[in-house]
Amino acid sequence: MTRYIALLRGINISGKNKIPMPALKELFLTLGYAEVRTHLNSGNVIFSTDEDEKAASEKIGAMIKEKFALDIPLFVIRQERLSELLHNAPEWWDSDDTEIYDNLIFVLPSSSAQAVAEKIGEPTKELERIFVHEDVIFWSFDRKRYAKAAWWKKTATSGIAELLTIRTANTVRKIAEM
């Protein structure tokens, strides 16, 4: 069996798209997945299956729609692949600098990381940095001045937000090891 991570986009945020993690875990078990674990309340599910990413993604999406009446975009990635991506992180990403907030942007299969980066545009100098690597974007920004950062505003805009799901460096490190 292969170990995977499912990242559900936009659940349990400000009371919207509510899916309790115990119910989500039970749903994964019902689908026949093994070694199911959740992390935080934001839709991070680690599981094992013999299916590939595409089949698992379609199956999970259909079941969430049926059980919770929600059409939730999700990103499914092999845990080993996430670890590989993290090994390719730029040197400046995930540093010990507490003034900087580090995120990993996962681009949903309907688009590409390069296309999303081009759509958002250049990061604001001295406030944020990006590094496009395959199907993810490493993104860091100044915690105190984030509201002035171009990417901060644009990642939540219509036409872009639907193409991605974002996790903190701390979260991706933990789920890559679970």
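Refer to the structure printed above.
Residues numbered from 1 in each chain as written. Predicted model: local features only at pLDDT ≥ 70, side-chain atom pairs only at ≥ 80, totals over all residues. Heavy atoms only, no water.

**Digging into the overall build of the protein**
For the protein, the count of helices and strands is six helices and eight strands. The N-to-C order of helical and strand elements in the protein reads β-α-β-β-α-β-α-β-α-β-β-α-β-α. The globule rule puts the C-alpha radius of gyration for 178 residues at 16 Å, and the 16 Å found for the protein is close to it. Each of the three principal axes of the protein carries a C-alpha extent, and together these read 50 × 30 × 30 Å. For the protein, buried positions account for 46% of its 178 residues. Taking the intrachain contacts of the protein between residues at least 6 apart in sequence as the baseline, contacts between residues at least 24 apart amount to 68%. Taken as a whole, the protein presents about 9,400 Å² of accessible surface, with 49% of it coming from carbon and sulfur. The positive charge centre, built from 24 side chains, and the negative charge centre, built from 26, are 7 Å apart in the protein. (Helix = DSSP H or I, 4+ residues; strand = E, 2+ residues; numbered from the N terminus. Rg over C-alpha atoms; globule rule 2.2 N^0.38 Å. Buried < 20%, exposed > 50% of the residue type's maximum accessible area, 1.4 Å probe, protein only. Contact = heavy atoms within 4.5 Å. Areas by Shrake-Rupley, 256 points an atom, 1.4 Å probe, with all protein chains shown as cover. Lys, Arg positive; Asp, Glu negative; His and termini not counted. Charge placed at Lys NZ, Arg CZ, Asp CG, Glu CD.)

**A look at the pairing of strand E7 (residues 136–142)**
Most of E7 sits inside the fold, with seven of its seven residues counted as buried. A two-sided burial pattern is seen for E7, the buried positions comprising Val136, Phe138, Ser140 and Asp142 on one face and Ile137, Trp139 and Phe141 on the other. Sheet analysis places strand E5 (residues 100–107) next to E7, joined by seven bridges and oriented antiparallel. In the sheet register, Phe106 faces E7, and the bridge partner there is Val136. Of the pairings in the sheet, the one linking strand E6 (residues 128–133) to E7 comprises six bridges and is antiparallel in character. (Pairing = 2+ DSSP bridges.)

**Some thoughts on the sheet that holds strand E3 (residues 44–49)**
One open sheet accounts for four strands, arranged E2-E3-E1-E4; its pairing is antiparallel. On the outer flanks of this sheet lie strand E2 (34–39) and strand E4 (74–78), each paired with one strand and no other. With direction set aside, neighbouring strand axes in the sheet form an average angle of 20 degrees. The pairing of strand E1 (residues 2–8) with E3 spans six bridges and is classified as antiparallel. Counterpart to Thr2 in the pairing with E3 is Thr49. (Axes fitted to C-alpha atoms, helices over the stretch in contact; angles between N-to-C directions.)

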